[in-house]
Amino acid sequence: MTQMPEKYVITVGRSFGSGGHTLAEALARHFGIAFYDKELLSRAAEKAGLSKDYFEENDEREPRFLSGIFAFNMGFNPVHWYSGTSSISGDNIYKAQCDFIREIASAGPCVIVGRTADYVLRDMPNVVNIFVHAPIDECARRIMQRSEAPLTHQQAITLAQKTNKLRANFYNFYSDKHWGRSDSYHLSVDSSSMPFDELVEFVADFVRLKLR
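Now for a description of the structure that goes with this document. Bear in mind that the values here come from a model prediction, so they are computed numbers and not experimental data.

1. Thoughts on the packing of aromatic side chains
And then number 1: Overall, the coordinates contain 9 aromatic pairs when judged by the stated rule.
And then number 2: Chaining the aromatic ring pairs together yields one cluster made of Tyr94, Phe170, Phe173 and Tyr174.
And then number 3: Looking at arginine 146, its charged tip hangs above the ring of phenylalanine 16, at a distance of 4.7 Å from the centre.
And then number 4: Stacked on the ring of tyrosine 185, the Lys or Arg lysine 177 has its end atom at 5.8 Å from the ring centre.

2. Description of the environment of alanine 45
And then number 1: Counting through the fold element by element, alanine 45 comes out in helix H2 (residues 38-48).
And then number 2: Given the relative accessible area of 1%, alanine 45 is considered buried.

3. Some remarks on the pattern of salt bridges
And then number 1: On inspection of all chains with the given rule, the structure shows 8 salt bridges.
And then number 2: Here aspartate 99 ties to arginine 102 by a salt bridge, and the two come within 3.5 Å at their closest N and O atoms. Taken together, the residues aspartate 99 and arginine 102, both in helix H4 (residues 90-107) and 3 residues apart, mark about one turn of the helix.
And then number 3: By relative accessible area, which is 36% here, aspartate 99 ends up partly exposed.
And then number 4: Residue arginine 102 is classed as partly exposed on the basis of its relative accessible area, which comes to 41%.
And then number 5: Within this structure, Lys95, Asp99 and Arg102 form a network of salt bridges that share partners.

4. Observations concerning the packing of helix H1 (residues 20-31) against helix H8 (residues 196-211)
And then number 1: The contact between H1 and H8 brings their axes to 10 Å, and the two run at 60 degrees. For the pair H1 and H8, the crossing hand works out as right-handed. Every residue of H8 that contacts H1 at Thr22, Leu23, Ala26, Leu27, His30 and Phe31 is listed here: Phe196, Leu199, Val200, Glu201, Val203, Ala204, Val207 and Arg208.
And then number 2: When grouped by side-chain class, the residues that make up the contact of H1 with H8 number 10 nonpolar, 2 polar and 2 charged.

5. Side note on helix H6 (residues 136-146)
And then number 1: Where H6 is concerned, the buried positions are Cys139, Ala140 and Ile143. On an axial view of H6, the arc spanned by its buried residues comes to 100 degrees, and they lie on one face.
And then number 2: Buried residues along H6 sit against helix H7 (153-174).

Parameters and conventions
- Residues numbered from 1 in each chain as written.
- Predicted model: local features only at pLDDT ≥ 70, side-chain atom pairs only at ≥ 80, totals over all residues.
- Heavy atoms only, no water.
- Phe/Tyr/Trp six-rings, centres within 6.5 Å; stacked < 30°, edge-to-face > 60°.
- Lys NZ or Arg CZ within 6 Å of the ring centre and 35° of its normal.
- Helix = DSSP H or I, 4+ residues; strand = E, 2+ residues; numbered from the N terminus.
- Buried < 20%, exposed > 50% of the residue type's maximum accessible area, 1.4 Å probe, protein only.
- Salt bridge = Lys/Arg side-chain N within 4 Å of Asp/Glu carboxyl O.
- Axes fitted to C-alpha atoms, helices over the stretch in contact; angles between N-to-C directions.
- Left-handed = near helix turned anticlockwise from the far one by under 90°.
- Contact = heavy atoms within 4.5 Å.
- Nonpolar A, V, L, I, M, F, W, Y, C, P; charged D, E, K, R; others polar.
- Arc of directions from axis to C-beta.

Laid out in structure tokens, this is it:
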């Protein structure tokens, strides 16, 4: 068994519906390390003193500038909050996320999903960057299975395309790389190319070899 470094990070970019979140979570279980996806948002929001809902609304979105009065939800009724002379922008949200990504990466081994973590940690040693994709019909099938509201195949395809465009615009805006392009990552893998358990082992073996 390859000896793993004391500190390392696996970043997982993903196309919508590809199963990238599920694979990332499985990798975290496989290596027995921390896992961050939506949890990253709530922790970053808490440290920044902002609403988690507000972070989620702007998650992996190109920056937009907000000032003055905006609404956020504390879990009960919408509350209006006045920012006074200070203003909140997408850049501020992104900075809060980046600061937290660096903090958790320096704390110990973990898996981080999306949010340009590969670019944020580009100067850190022992980082392995994975991108997960799948044929659009396979992505649509997964989206339809997990959707709470009934979706047609075409609706699922449209949702995947729109979400991927948002993620690509976000990634390309903040990094000097191209979202989803193989040369932006150490490994780009089609999640439909093999059974899931074999896929986890395949990617885990790659991570071990990359970090040895």
